[in-house]
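Close look at the chain arrangement
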Amino acid sequence: MESYELRDTNENIKETLLHDSLFRNIYLYRFLDLLNTIDDSVSLAVNGRWGTGKTFFVKQAKLLLEAENPFFENRQYYNEVKNILSWKNHKAEIDQEFVPVLPVYYDAWMNDNAKDPVLSLVYEIINQLDLKDEIKGKPEFKDIIKGVVNPFIEKTTGVNIEKFLDSLDSKDYLEEISTQQLVHERVAEFISDVIKERGNRLVIFIDELDRCRPDYAVNLLERIKHYFSNENVTYVFSVNIDELQHTIKRFYGDGFSSTEYLDRFFDLTIDIPMIDVDKYFNSICFASNDLVSSVCKVVVSKLDFSMRQTERFAKIIKIAIYNNRFYKNRSNSEEDRAKFFMMANVAPLIIGLRMADIKKYRKFIDGNEASFMLEVYEGDNKDLVDHFMLKQNEVFKTGNNAANEVDFNQRLTEIYEAIFNYDKSNSYQKEIGIMTFDKNSKAWLLNVINLFSLQIEF
């Protein structure tokens, strides 16, 4: 089964930057403008709900920052990213030189099995900046690392610093560092040697903190505050602040002011921009110009779907509708017109509601939530649904009070009732416009959205 998820691989990050597939490049560039003005110890929070593409956003930022530092010129995608036309035009427009920095990405959730988070953070700095060989071949740098970690490690765990440094080459390094703890007494010297001849400062992106164990999340924040605060380091936390506040309260108790607590760590908070639905649908290979796609875009907007929810929604629509033989090969009978209407104009609403609000979904399929259908097709969106709704001699109301005028909302509600509040008798049939619904219409529609239709090609 084909996947429609846009995963945050380097290739996808590069491609979406090249084509501005999410229509967020301008916001990304402005974010980098902001980072470029920082010359002190500052922590920023990039806030957004789960699934809004925060990881994608900060990894794109990291890739662009690498492209502005010759230290990374041998990295994959360096030249392609550096020469993105919109990025070059933006830099020319603002007429501002970008200071070379050393970006590091740290996935807190992937490391929350470590006893002390800072050890794994030090590892990521060493690993992502390719410093392992230099440590081994430069005794003075190795001595600095020893000065950072040795006093605490040997006293509390008995682990020799040579073993820690050797673990940098080990495939099981996470298992090694998870048993160690670190107090960063010489962090300034360490950072100074890291950035020497490589860049002007470190920019550390810390992701997924809101998904971590409460004790690990608090420990990481406080370790950074007390031991890793440095004028040559900028921290960017990509977080769901609402969820992180809940995490903090689970650690300190419900009466604790998590808002004030986080204010100690985040100097500036920005909300991640929403994706452009049209462009994003196209980027995940979603048909862009047909009726179903147009309806889906309205549903995504009405239900305020995140990037991840949009991916899941697209996946189900692809299978349930686009892979359905009926959608491709239907007759022009009144019964098939009714089925096409249900598939194109009703199924996306049901699928969306089931993902967004299970109670509202239940009310909708039980025949008690026609208001959502009216909301989706209000205003200019009426054009998406008016096919098949009128008999040959009927028109929608224009205010002339003609005998053949039909109220749009009344007719749409009538269709909803014909599908979900039908007469249970075997002889039930309801002709509306140039469509005919019967007692099997609802069951047919639910089979489509539940992927039980025998006409679906998996």
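For the structure, check the block above.
Residue positions are counted from 1 within each chain, in the order its sequence is given. Only residues with pLDDT of 70 or above have their local features reported here, since the model is predicted, and side-chain atom pairs are shown and tallied only from 80 upward, although totals for entire chains, interfaces and linings are computed over all residues. Based on all heavy atoms of the structure, the side-chain values leave hydrogens and waters out of the count.

**Quick word on the side chain of Glu 394**
Worth spelling out the cut-off: Each helix corresponds to a stretch of at least 4 residues labelled H or I by DSSP, and each strand to a stretch of at least 2 residues labelled E; elements are numbered beginning at the N terminus. The rule is simple: take the accessible area with a 1.4 Å probe, protein chains only, and divide by the maximum for that residue type; under 20% is buried, over 50% is exposed, in between is partly exposed. Whenever two N or O atoms come within 3.5 Å, that pair is a polar contact, provided that in protein one can donate a hydrogen and the other can accept it, and provided that, for residues adjacent in sequence, both atoms are side-chain atoms. Note on definitions: a residue-residue contact is assigned when non-hydrogen atoms from the two residues lie within 4.5 Å.
Relative to the assigned elements, Glu 394 resides in the loop between helix H21 (370–376) and strand E6 (395–396). Given a relative accessible area of 17%, Glu 394 falls into the buried group. Within polar-contact distance, the side chain of Glu 394 engages the backbone nitrogen of Lys 391 at 2.8 Å. Engagement of the side chain of Glu 394 in a polar contact is seen with the side chain of Arg 411, the distance being 3.1 Å. Sequence-distant contacts of Glu 394, that is, excluding residues within four places in its chain, are made with Met 389, Asn 404, Val 406 and Arg 411.

**Quick notes on helix H6 (residues 117–128)**
Counted only if it meets this: Expected span of a helix: the number of residues minus one, times 1.5 Å.
The first and last C-alpha atoms of H6 sit 17 Å apart over 12 residues, in line with the 16 Å expected at 1.5 Å per residue. Taking burial as the measure, the 12 residues of H6 include 11 buried ones, the bulk of the element. For H6, the full list of buried residues reads Pro 117, Val 118, Leu 119, Ser 120, Leu 121, Val 122, Tyr 123, Glu 124, Ile 125, Ile 126 and Gln 128. Backbone geometry just downstream of H6 places Asp 130 in the positive-phi region, at approximately 55 degrees.

**Things to note about helix H22 (residues 408–420)**
For H22, built from 13 residues, the straight-helix expectation of 18 Å at 1.5 Å per residue is met to within 8% by its first-to-last C-alpha distance of 19 Å. Taken together, the buried positions of H22 are occupied by Phe 408, Arg 411, Leu 412, Ile 415, Tyr 416, Ala 418, Ile 419 and Phe 420. At the N-terminal boundary of H22, the capping side chain belongs to Asp 407, with an oxygen 3.3 Å from the backbone nitrogen of Asn 409.

**So, the pairing of strand E9 (residues 435–438)**
As a general feature of sheets, a regular strand has side chains that alternate between the two faces. Let me state the cut-off plainly: In short, DSSP must find at least two bridges between two strands for them to pair.
Summarising the sheet, strand E8 (residues 429–432) and E9 pair through 4 bridges and their orientation is antiparallel. For Glu 431, the partnering residue across the bridge sits in E9 and is Thr 436. What sits between the antiparallel neighbours E8 and E9 is a turn of 2 residues, in which Gly 433 has the positive phi angle 60 degrees.

**Looking at the pattern of salt bridges**
Operational definition: By salt bridge we mean one thing: a side-chain nitrogen of Lys or Arg within 4 Å of a carboxyl oxygen of Asp or Glu.
Applying the stated rule across the entire model yields 17 salt bridges. Ionic pairing is found between Lys 91 and Glu 68, a salt bridge with its closest N-O pair at 2.7 Å. Within this pair, whereas Lys 91 is found in helix H5 (residues 85–94), its partner Glu 68 is found in the loop between helix H3 (54–67) and helix H4 (78–82), the two being separated by 23 residues in sequence. Residue Lys 91 is classed as buried on the basis of its relative accessible area, which comes to 18%. The buried category is assigned to Glu 68, whose relative accessible area is 13%. As a salt-bridge pair, Lys 363 and Glu 369 come within 3.5 Å of each other at their nearest N and O atoms. Residue Lys 363 is classed as partly exposed on the basis of its relative accessible area, which comes to 41%. Classification of Glu 369 by relative accessible area gives buried; the value is 9%. When salt bridges with common partners are traced through the structure, they connect Glu 11, Lys 14, Glu 15 and Glu 80 into a single cluster.

**What about the sheet that holds strand E1 (residues 42–47)?**
Hydrogen bonds between backbone groups are what pair the strands of a sheet, and the pairing can be parallel or antiparallel. To be explicit about the condition: The axes used here are C-alpha line fits, helices contributing only the stretch in contact, and every angle between their N-to-C directions lies in the interval 0 to 180 degrees.
One open sheet accounts for 5 strands, arranged E2-E3-E4-E1-E5; its pairing is parallel. Either end of the sheet is taken by a strand with one partner, and the two such strands are strand E2 (102–107) and strand E5 (268–271). Going across the sheet, the axis of each strand differs from the next one's by a mean of 20 degrees, ignoring polarity. As paired elements, E1 and E5 share 4 bridges and run parallel to each other. Opposite Leu 44, over in E5, you have Leu 268 as the bridge partner. On the sheet, H3 packs against E1, E2, strand E3 (202–207) and strand E4 (233–239) and is oriented at approximately 155 degrees with respect to E2.

Such coordinate-based values are descriptive only and should not be taken to indicate function.
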